[in-house]
Amino acid sequence: MGRFFCARILSMSLISHPSLQLEPLFPLALARAQLNLDPLDLAIWMQQVLALRGKALGNPQAGCAWTGDINGIWQLHRLPVFASLVRQLHEQVEAYLVQLGFDPSQVVPMIQRSWPVVSEQGQQVGRHHHPNAHLSALIYLNGDGLGETGCLRLFAPHQSNELVPGLAVGYGGPLLDQAPARLSWNAPWVDVAPVAGLLLLFPAAVDHAVTENCRPDEQRLSIAFDLVLCSPETCVEAPAPPEYLAPHPSHWDPLRQD
Ligand SMILES: [Fe+2]
């Protein structure tokens, strides 16, 4: 018993030792921006998204929310009614890139694809990522921040602090369930609850999913964007585009020349 108490005192003194500091290395850049949207615009966009879905209730896969990208609605950004939303998205993406250290004069973000997502009660979206894109954007059209209609679930690309593989998703310890330290340093995923007008930006290579909508009386409405980074349009005399950035699509040619 005496040894037990000694061990407890020792471990407690280590926990509170002022000289021990943990540094979060190699952080993943999730951006959250609450857009300044007109409630009337939000209402119109919600109406528009539901009209685009039409009579469909979900994707062919049972329990999967309706996603416009596989149902012919993949260029939402070209509809004039969403122009002001795209403008705000552009501002935030530029700010995101600057905060990540990009030189805005050397990079141009392009919309490759955009589509609405409607999740009814009992529906979700499975784990996936977007290998065709560089940056993912998501705008919630509704949501109260409680997450009952389904959260965006971002999966950790690496469990760097797991120490022993499997601990982060295992049951019965030794990590303390729901402890702040576990959530900070060994969370296998992070959930972000929808809030009307909230924009999220994150690297497109990060696995993500949408958790189940558990509200019988509320649909979850959002718009997703696949964004690609390329170099600015240039003239022949100008310096060549940076090595690891695709030239602007206006400089591309089909291989088939006839
Ligand atoms: Fe996605």
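Residues numbered from 1 in each chain as written. Predicted model: local features only at pLDDT ≥ 70, side-chain atom pairs only at ≥ 80, totals over all residues.

Draft legend 1. Main features of the overall build of the chain. Regarding its fold elements, the chain presents 4 helices and 10 strands. Listed by position from the N terminus, the elements making up the chain come as α-β-α-β-α-β-β-β-β-α-β-β-β-β. By residue count, 22% of the 258 residues in the chain fall in the buried class. Taking contacts inside the chain between residues at least 6 apart in sequence as the whole, the part at least 24 apart equals 81%. (Helix = DSSP H or I, 4+ residues; strand = E, 2+ residues; numbered from the N terminus. Buried ≥ 20, exposed ≤ 12 C-beta atoms within 10 Å, placed from the backbone. Contact = placed C-beta atoms within 7 Å.)

Draft legend 2. Just the sheet that holds strand S9 (residues 208–210), in detail. Pairing is antiparallel in the open sheet, where 4 strands are placed in the order S4-S9-S6-S7. Only two strands of the sheet have a single partner each, and these edge strands are strand S4 (125–128) and strand S7 (189–192). Direction aside, the axes of adjacent strands within the sheet are offset by 15° on average. Across 2 bridges, the pairing between S4 and S9 is antiparallel. Paired with His128 across the two strands is His208, which belongs to S9. (Pairing = 2+ DSSP bridges. Axes fitted to C-alpha atoms, helices over the stretch in contact; angles between N-to-C directions.)

Draft legend 3. Inspection of the pairing of strand S6 (residues 152–155) at higher detail. Of the two faces of S6, only one is covered, namely that formed by Leu152 and Leu154; the face formed by Arg153 and Phe155 stays uncovered. Where S6 lies against S7, 4 bridges are found, and the strand directions are antiparallel. Residue pairing for S7: Arg153 is matched across the bridge by Asp191. Looking at chain direction, S6 and S9 are connected through 3 bridges and run antiparallel. Considered in S9, the bridge of Leu152 is made with Val210.

Draft legend 4. Highlighting the sheet that holds strand S1 (residues 31–34). With antiparallel pairing, 6 strands are arranged side by side in an open sheet as S1-S8-S5-S10-S3-S2. Two strands lie at the open edges of the sheet, namely S1 and strand S2 (66–67), each paired on one side alone. Taken together, the 6 bridges between strand S5 (residues 135–140) and strand S10 (residues 220–230) define a ladder with antiparallel strand orientation. Its bridge partner lying in S10, Tyr140 is registered against Ser222. On the sheet, helix H2 (residues 39–53) packs against S2, strand S3 (108–119) and S10 and is oriented at approximately 75° with respect to S3.

Draft legend 5. Main features of unusual backbone geometry. Despite not being glycine, Leu163 shows a phi value in the positive range, around 65°. In this structure Leu163 comes out as exposed when scored by C-beta crowding, with 12 C-beta atoms within 10 Å. You will see that Gln178, though not glycine, has its phi angle at about 65°, which is positive.

Any functional reading would require information that these geometric values do not contain.
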